[in-house]
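Topology and contacts: notes
Spelled out from the first residue to the last, the chains are:
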Amino acid sequence: MSQQLQLLCRFFLLGIGISFFYDCLRILRRVFPRGMVCVSLEDIAYVVAVSFRAFLLLVQEGQGRIRWFLILGTGLGMFLYGKLVSRRYVAISARFLKMLKNKLTAFFKLAKIDLQTVFRKMRKE
């Protein structure tokens, strides 16, 4: 396989990874709702981290030159992941984690365990 095709595949996978990790954020937001400020800060941190990682990979693998086919490969990976996987992955994962959260909450209520009290005691020790 030529070096350019290998690079294209790596950046295609980078695009999939970028979308996958954003979906993980979306899932956590569905299970544990947050305010707009927190969501905005998470998004800013995500964009900075992803941009930094993509820039480093472009510089390292592209020998310091911007190669547009690598950027297009990343975009293609993000697009295909979004169209083929994203919606179902987020829906199924969020539903499963909400169910797990609800069952754990019910268990702790049934067992009459107040987690806030437990954590306060742990901090004092």
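Quick look at the structure, then. Quick caveat, the model's predicted, so the values are computed rather than measured.

This part takes up the overall build of the protein chain. When you go through the protein chain residue by residue, the secondary structure sums to four helices and zero strands. In sequence order, the protein chain lays out its α and β elements as α-α-α-α. Rg of the C-alpha trace for the protein chain: 20 Å, well past the compact-globule value of 14 Å for 125 residues, more than 25% over. Its C-alpha atoms give the protein chain principal-axis dimensions of roughly 60 × 35 × 30 Å. Considering the protein chain as a whole, with its 125 residues, one finds that 23% of them fall into the buried category.

On to the packing of helix α1 (residues 3-31) against helix α3 (residues 68-110). Contact geometry of α1 with α3 gives a least axis separation of 6 Å together with a crossing angle of 30°. Taken together, α1 and α3 sit at an angle that is classed as roughly parallel. Crossing of α1 over α3 shows right-handed handedness.

Looking now at α1. Helix length check: α1, at 29 residues, gives a terminal C-alpha distance of 42 Å against a target of 42 Å (1.5 Å per residue), a fit within 8%. Every buried residue of α1 is listed here: Leu7, Phe11, Leu14, Gly15, Ile18, Ser19, Asp23, Leu25, Ile27, Arg29 and Val31. Buried-residue contacts for α1 involve α2 (36-61) and α3.

Glancing now at the side chain of serine 19. Its location among the elements puts serine 19 in helix α1. Of the residues examined, serine 19 reaches a relative accessible area of 13% and is grouped as buried. Those residues within four positions of serine 19 in sequence are excluded, and the remaining contacts are Tyr46, Met78 and Tyr81.

Definitions and cut-offs
- Residues numbered from 1 in each chain as written.
- Predicted model: local features only at pLDDT ≥ 70, side-chain atom pairs only at ≥ 80, totals over all residues.
- Heavy atoms only, no water.
- Helix = DSSP H or I, 4+ residues; strand = E, 2+ residues; numbered from the N terminus.
- Rg over C-alpha atoms; globule rule 2.2 N^0.38 Å.
- Buried < 20%, exposed > 50% of the residue type's maximum accessible area, 1.4 Å probe, protein only.
- Axes fitted to C-alpha atoms, helices over the stretch in contact; angles between N-to-C directions.
- Parallel < 35°, antiparallel > 145°, perpendicular 65-115°, else oblique.
- Left-handed = near helix turned anticlockwise from the far one by under 90°.
- Expected span 1.5 Å × (residues − 1).
- Contact = heavy atoms within 4.5 Å.

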